[in-house]
Amino acid sequence: VIGMAAFNRDLEATVRRPPPPQQQQQQDSTAGASNSSEAMSSSSSSGSGRGIAGRGAEVVEVMRHLVVAMQSRNNPLDRWFPWRKAYRDLRYWGGRMSDLVLDLTADMEAHPPPPHSLGAHMLACKEQHTGLPLERLQVMTELGVLWGAGFETTAHTICWTLLLLASHPAVEARLLAELSSLGLAATPDSPQPAQLKWEHLAQLRYLSAVINESMRLYPVVSSGTIRITHKPMQLGPYSLPAGQPVLIPFFSIHRSPKLWDDPDAFKPERWLAGEAAAAAAAASVGDASGGADAAEASVGTAGTKSTAAAAGVAL
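Procedures and definitions
- Residues numbered from 1 in each chain as written.
- Predicted model: local features only at pLDDT ≥ 70, side-chain atom pairs only at ≥ 80, totals over all residues.
- Heavy atoms only, no water.
- Helix = DSSP H or I, 4+ residues; strand = E, 2+ residues; numbered from the N terminus.
- Buried < 20%, exposed > 50% of the residue type's maximum accessible area, 1.4 Å probe, protein only.
- Contact = heavy atoms within 4.5 Å.
- Areas by Shrake-Rupley, 256 points an atom, 1.4 Å probe, with all protein chains shown as cover.
- Phe/Tyr/Trp six-rings, centres within 6.5 Å; stacked < 30°, edge-to-face > 60°.
- Patch = residues over 30% accessible without salt bridge, like charges linked within 9 Å, V, L, I, M, F, W, Y side chains within 5 Å.
- Salt bridge = Lys/Arg side-chain N within 4 Å of Asp/Glu carboxyl O.
- Expected span 1.5 Å × (residues − 1).
- Axes fitted to C-alpha atoms, helices over the stretch in contact; angles between N-to-C directions.
- Nonpolar A, V, L, I, M, F, W, Y, C, P; charged D, E, K, R; others polar.
- Lys, Arg positive; Asp, Glu negative; His and termini not counted.
- Parallel < 35°, antiparallel > 145°, perpendicular 65-115°, else oblique.

## Remarks on the overall build of the protein
Part 1 of the argument: In terms of regular secondary structure, the protein is built from 16 helices and four strands.
Part 2 of the argument: Expressed as a percentage of the 315 residues in the protein, the buried residues total 35%.
Part 3 of the argument: Once local pairs closer than 6 in sequence are excluded, the contacts in the protein between residues at least 24 apart make up 68%.
Part 4 of the argument: Accessible surface for the protein amounts to roughly 17900 Å². Of this, 61% is attributable to carbon and sulfur atoms.

Structure representation (structure tokens):
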């Protein structure tokens, strides 16, 4: 529910118009199309032509099926035998997602999104070496990655954060006091909270600490990430050749007693006090790769803070 609300909010902020009448008629007339015709549509290179406005629920549903299909591909049998259902599902839902990204890209090109939106920034990006705008395929790729990694991850983090707040009344009270100091929480004296603004996010230091501590205890990608060595290197006592996969286990790092005092406890204050260099080092692991991973982290963090701050009204 939280992920759906956040996704719809950001999607409609980028595309704020209904589909043209002729496209709406086409959408209505094809609503009962079979899966086979949808599969044919998914293989096209021009999208569905329906526009993307008002289709947030469809995007989330397609993304959900796509993630399940991608996970099924971890079974070696599904990789080696392409006639199995998992492989066919991956192709089908991957095609559906491609259509949606194509529709969004076409919408953005035909009607430039608001200047503050992620879509506008994406269209304004330029290649570092050439100074030219990103090619259409590059824009589509980044948008697809952000859809897949910038919203569901945020929803999970918000859920864990709210659960931790509900089970730690002292932390909840301190966070509510911070929100109240900026007029962002409903109180008996001020039943109508102020509108959350971008500049508020930098002032919500304790909220940042709460979210950081929630992500430390319950990282979304708990299994970690993998990097490939580009040249021979020494990692502690291990000599690694070029091309060696290296797993960075977030959950283990985040709960290591070598890095954290009382690692299994929920203590947002550790981020305010700056628990040595460990907190900064652990927080930077997700951004170390730059590029799309860093962009997803930035989008997810901003979305988490803004949604969590808005949820603070109900604390």
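## As for the packing of aromatic side chains
Part 1 of the argument: Per the stated rule, a full pass over the model turns up three aromatic pairs.
Part 2 of the argument: Measuring from ring centre to ring centre gives 4.8 Å for Tyr 92 and Trp 93, while their planes differ by 75 degrees; the resulting arrangement is edge-to-face.
Part 3 of the argument: On the accessibility criterion, Tyr 92 (15% relative accessible area) is buried.
Part 4 of the argument: A centroid spacing of 4.1 Å and a plane angle of 5 degrees characterise the contact between Trp 160 and Tyr 218, whose relative ring orientation is stacked. On the criterion of sequence distance, the pair formed by Trp 160 in helix 9 (residues 152-166) and Tyr 218 in the loop between helix 12 (205-217) and strand 1 (225-228) is long-range, its members being 58 residues apart.
Part 5 of the argument: According to the relative accessible area criterion, Trp 160 is partly exposed, its value standing at 33%.

## Thoughts on a nonpolar patch on the surface
Part 1 of the argument: Together, Leu 77, Trp 80, Phe 81 and Trp 83 line one region of the surface with nonpolar side chains, adding up to about 490 Å² of accessible area.
Part 2 of the argument: Take Trp 80: it is sitting in helix 5 (residues 76-80).

## Concerning helix 12
Part 1 of the argument: The end-to-end C-alpha distance of helix 12, which contains 13 residues, comes to 19 Å, matching closely the 18 Å that a straight helix rising 1.5 Å per residue would cover.
Part 2 of the argument: Most of helix 12 is tucked away, with 10 of its 13 residues classed as buried.

## Examining helix 9
Part 1 of the argument: Taking 1.5 Å per residue as the helical rise, helix 9 with its 15 residues ought to reach 21 Å, and the 21 Å between its terminal C-alpha atoms agrees with that figure.
Part 2 of the argument: Buried residues of helix 9: Thr 154, Ala 155, Thr 157, Ile 158, Thr 161, Leu 164 and Leu 165, and no others.

## Here's the deal with the pattern of salt bridges
Part 1 of the argument: For the structure shown, the criterion picks out nine salt bridges.
Part 2 of the argument: Note that Glu 61 and Arg 64 form a salt bridge whose closest N and O atoms lie 2.8 Å from each other. Of the two residues, Glu 61 and Arg 64 both sit in helix 4 (residues 56-72), three residues apart, roughly one turn of that helix.
Part 3 of the argument: Overall, Arg 64 belongs to the partly exposed group, its relative accessible area being 46%.
Part 4 of the argument: Note that Glu 213 is salt-bridged to Arg 216, the shortest N-O span being 2.9 Å. One end of the pair, Glu 213, and the other, Arg 216, are both in helix 12, three residues apart, so they sit about a helical turn from each other.
Part 5 of the argument: A relative accessible area of 0% places Glu 213 in the buried class.
Part 6 of the argument: One connected set of salt bridges, linked through shared partners, spans Glu 213, Arg 216 and Arg 270.

## Considerations on the packing of helix 10 (residues 169-181) against helix 12
Part 1 of the argument: Close contact between helix 10 and helix 12 brings their axes to 8 Å; oriented N to C, the two are set at 145 degrees. Residues Val 171, Arg 174, Leu 175 and Glu 178 of helix 10 pack against Arg 205, Tyr 206, Leu 207 and Val 210 of helix 12.
Part 2 of the argument: Taken together, the residues of the contact of helix 10 with helix 12 break down into five nonpolar, no polar and three charged.

## Re the side chain of Glu 178
Part 1 of the argument: Relative to the helices and strands, Glu 178 resides in helix 10.
Part 2 of the argument: Although Glu 178 is buried, it makes no salt bridge; Arg 205 carries the closest opposite charge, 6.5 Å away.
Part 3 of the argument: Here Glu 178 is in contact with Gln 203, Leu 204, Arg 205, Tyr 206 and Leu 207, once residues within four sequence places are set aside.

## A short note on the packing of helix 9 against helix 12
Part 1 of the argument: One can describe the packing of helix 9 onto helix 12 by two numbers: an axis separation of 9 Å at closest approach and a directional angle of 105 degrees. The angle between helix 9 and helix 12 falls in the class roughly perpendicular. Here Thr 157, Trp 160, Thr 161, Leu 164 and Leu 165 of helix 9 come into contact with helix 12, specifically with Val 210, Ile 211, Ser 214, Met 215 and Leu 217.
Part 2 of the argument: Looking at side-chain class alone, the contact of helix 9 with helix 12 contains seven nonpolar, three polar and no charged residues.

## Digging into the environment of Gly 243
Part 1 of the argument: You can see Gly 243 is positioned in the loop between strand 3 (238-240) and strand 4 (245-248).
Part 2 of the argument: Linking Gly 243 and Pro 232, residues 11 residues apart in sequence, is a C-alpha distance of 8.3 Å.
Part 3 of the argument: If we ignore the near neighbours within four places in the chain, the residues touching Gly 243 are Ile 228 and Thr 229.

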